[in-house]
Structure formats: structure tokens, C-alpha cells
Amino acid sequence: MGTLTGLLLALSSPAARSDSAPDTPPRGSAYMGMGVLAHDGRGPYESATTRGSQTEGVDVSSHQRDVDWPTLSADGTTWAYAKATEGSSYTNPYFAQQYNGPYSVGMVRGAYHFATPDSADGAAQADYFLAHGGGWTADGRTLPGALDIEWNPYGDACYGKSKSGMVGWIRDFLNRYKSRTGRDAVIYTATSWWTQCTGDYAGFGGNPLWIARYASTAGTLPSGWSSYTMWQYTSSGKTVGDHDRFNGPLDQLKSFAAG
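Source: prediction; values computed, not measured.

The number of helices and strands found in the chain is eight helices and nine strands. Put simply, the chain has 259 residues, and 53% of those count as buried. Restricting to contacts in the chain with at least 6 residues of sequence separation, those with at least 24 account for 68%. Of the roughly 10,000 Å² that the chain leaves accessible, carbon and sulfur atoms contribute 50%.

Structure below.
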């Protein structure tokens, strides 16, 4: 989850907007799941000891600053995603530590992009992401890039776009990412946002789904998906707040990473 330190860091970033309203966070300060608690709330969730065959992961951003990867690894966390970019101008100043750190302790790692469809088109944001850490290599320990598409923390929930306009923006990002990496990007979203802002569009089911729901189950999935690949199940886990599960054992996670 975000912290005061992380917010102050974002405020000092060149990407921060000087014209932001007093109650609006600065551009660049968004993080995965920022709107989930506010819009979907939190239900009871299972402890890590009852996750069965699912594989524990975390997601981090500049709010966590330097992360204690050895502790997370020792506690059974085997994969991690770090925020690399937002829009077409912000890069996470802690990305190197958060992306290389898990790799150095034997974890599988990946990068994510926080989408702001009101600031630049989808293809341009995919290019920016790829230029600042969002690429993929077939080493079995690097996950495909993830597109974090959720509530707009800076204004209108759907970034001022119509449902068809949002679908077009997402398609442009995904197509550019695949054309340059050969991999389908992971889509991180919440069912309620997807329904509101895409009209529950069913055409992206070929992309891996990372569902956000802080409860004991992942709940109803967006149209087009019959199962999820990853699930962000809590914002209050150990060491870092946001914890996730890959829907399978570690060998399947490594196969997914390898492509």
C-alpha cells in the first residue's frame, strides 16, 4: 500500500503535476490496487498457509522504497512485480532495486505499467514502458509485462473515455506490446471497473488476467475469462502490503515466465 513517505517522494518527482487539486494525488503516485479498497472494499481473506497449490507473490511501487527481498523470499514469496512506469513520463526511482532484488534471491520477477489513458495513447505508453524496464526475456525467471488498468486516481474513473474508446486504448497498448516482445501482456484489473469502463468487454480473453479482489475468493471474473492467472487478494500482507497468488504451483509459474 501507499505510505506518506512514498507520497512525498512522488510529490518531489518531476512528473508531479503542479496544477493538481489539493485532494488529488500527484501524477506518478499511483500504484497497483490504489482504487480497490475505495471502490470494492475488503472482505475476509485466507491466510497464506491455506493457499494450497497457488504460489505467493507481491507487487511493489515507489511507496515501498527499497524492499527487503531476502525476508520475503524466506517467508515463501516466490514472485514479484515492480511498477516501472506510469503514463508516458513517469519512471519509478526504486525500480532497479525492486526489479533486480527479487531476481538476486531466486524469485521470479516482472514489471508493470500504470495506465493513464487520458495522458497519451496506448501504443505510446507501451513504447514508454518497454523503454524503461517493461521488456521480457525467455530466461524462465522474467514474467511478461503487466498493464495495470483501473480507476483513475486523478479524476474521472474511466479517464474521460467512452467504453469503446477505452477498449480501443487497451487494444492499442496490448498490440504494441505483443508486436515488440512476442508475449501477451498481463491485464491487471477489477471486475467492477472493467464493467463500468469497458462495458464488460469480452475480447481480451487471450491475455493472462490478474484480478484484484480483497476477499476469500477472486469472485466473478470479467467477461472473456473463465479463470485468472494471478489474483491480488490483499493490501495488508507481510513485509509489503500487496500480496498476490499465481494460480498454480511454482513449476507452472516458471513455465509461464518462460513463455
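Picking up where we left off.
So, about the state of the cysteines. Scanning all chains against the criterion turns up one disulfide. Across a sulfur-sulfur distance of 2.0 Å, Cys-158 and Cys-197 are joined as a disulfide pair. Measuring the twist about the S-S bond at about -75 degrees, one finds the Cys-158-Cys-197 disulfide to be left-handed. Highlighted residues: Cys-158 in the loop between strand E5 (146–148) and helix H6 (163–181) and Cys-197 in helix H7 (residues 191–198), separated in sequence by 39 residues. There is no split in this pair, since Cys-158 and Cys-197 are both buried.

Moving on, we get to the side chain of Thr-55. Its location among the elements puts Thr-55 in strand E1 (residues 55–60). What makes Thr-55 buried here is its relative accessible area of 6%. A distance of 3.4 Å separates a polar side-chain atom of Thr-55 from the backbone nitrogen of Leu-250. Beyond its immediate stretch of four places on either side in the chain, Thr-55 contacts Thr-78, Trp-79, Asp-244, Arg-245, Phe-246, Gly-248, Pro-249, Leu-250 and Leu-253.

Right, let's get into the packing of helix H5 (residues 122–131) against H6. Their axes nearest at 7 Å, the elements H5 and H6 cross at an angle of 40 degrees. On the basis of the axis angle, H5 is oblique to H6. For H5 against H6, the interelement crossing comes out right-handed. Residue-level inspection shows Gly-122, Ala-123, Gln-125, Ala-126, Asp-127, Phe-129 and Leu-130 of H5 in contact with H6, the latter providing Trp-169, Asp-172, Phe-173, Arg-176, Tyr-177, Arg-180 and Thr-181. Across the contact of H5 with H6, the residue classes break down as seven nonpolar, three polar and four charged.

The subject of this paragraph is H6. For H6, which comprises 19 residues, the first-to-last C-alpha distance of 27 Å matches the rise-based estimate of 27 Å (1.5 Å per residue) to within 8%. Along its buried surface, H6 packs onto strand E4 (108–114), H5, E5, strand E6 (186–189) and H7. Positive phi shows up at Gly-182, right after H6, with a value of about 80 degrees.

Ranked by size, the top nonpolar core spans 68 residues in total, and within it Trp-79, Tyr-81, Leu-143, Ile-149, Ile-170 and Trp-210 carry the most contacts. In terms of residue count, the dominant contributor to this core is H6 (seven residues).

What follows deals with the environment of Ser-61. For Ser-61, the location among the structural elements is in the loop between E1 and helix H3 (69–74). Linking Ser-61 and Tyr-94, residues 33 residues apart in sequence, is a C-alpha distance of 7.5 Å. With sequence-adjacent residues up to four places away left out, Ser-61 is seen in contact with Tyr-31, Lys-83, Asn-92, Gln-98 and Tyr-112.

This brings us to unusual backbone geometry. Unlike most non-glycine residues, Tyr-159 shows phi in positive territory, near 60 degrees. Phi is positive for Thr-239, which is not a glycine, with a value near 70 degrees. Residue placement: Thr-239 occurs in the loop between strand E8 (230–234) and strand E9 (243–246). With relative accessibility at 47%, the residue Thr-239 sits in the partly exposed group.

Scoring rules and cut-offs
- Residues numbered from 1 in each chain as written.
- Predicted model: local features only at pLDDT ≥ 70, side-chain atom pairs only at ≥ 80, totals over all residues.
- Heavy atoms only, no water.
- Helix = DSSP H or I, 4+ residues; strand = E, 2+ residues; numbered from the N terminus.
- Buried < 20%, exposed > 50% of the residue type's maximum accessible area, 1.4 Å probe, protein only.
- Contact = heavy atoms within 4.5 Å.
- Areas by Shrake-Rupley, 256 points an atom, 1.4 Å probe, with all protein chains shown as cover.
- Disulfide = S-S within 2.5 Å.
- Polar contact = N/O pair within 3.5 Å; in protein donor to acceptor, adjacent residues only side chain to side chain.
- Axes fitted to C-alpha atoms, helices over the stretch in contact; angles between N-to-C directions.
- Parallel < 35°, antiparallel > 145°, perpendicular 65-115°, else oblique.
- Left-handed = near helix turned anticlockwise from the far one by under 90°.
- Nonpolar A, V, L, I, M, F, W, Y, C, P; charged D, E, K, R; others polar.
- Expected span 1.5 Å × (residues − 1).
- Core = buried A, V, L, I, M, F, W, Y, C linked by side-chain atoms within 4.5 Å.

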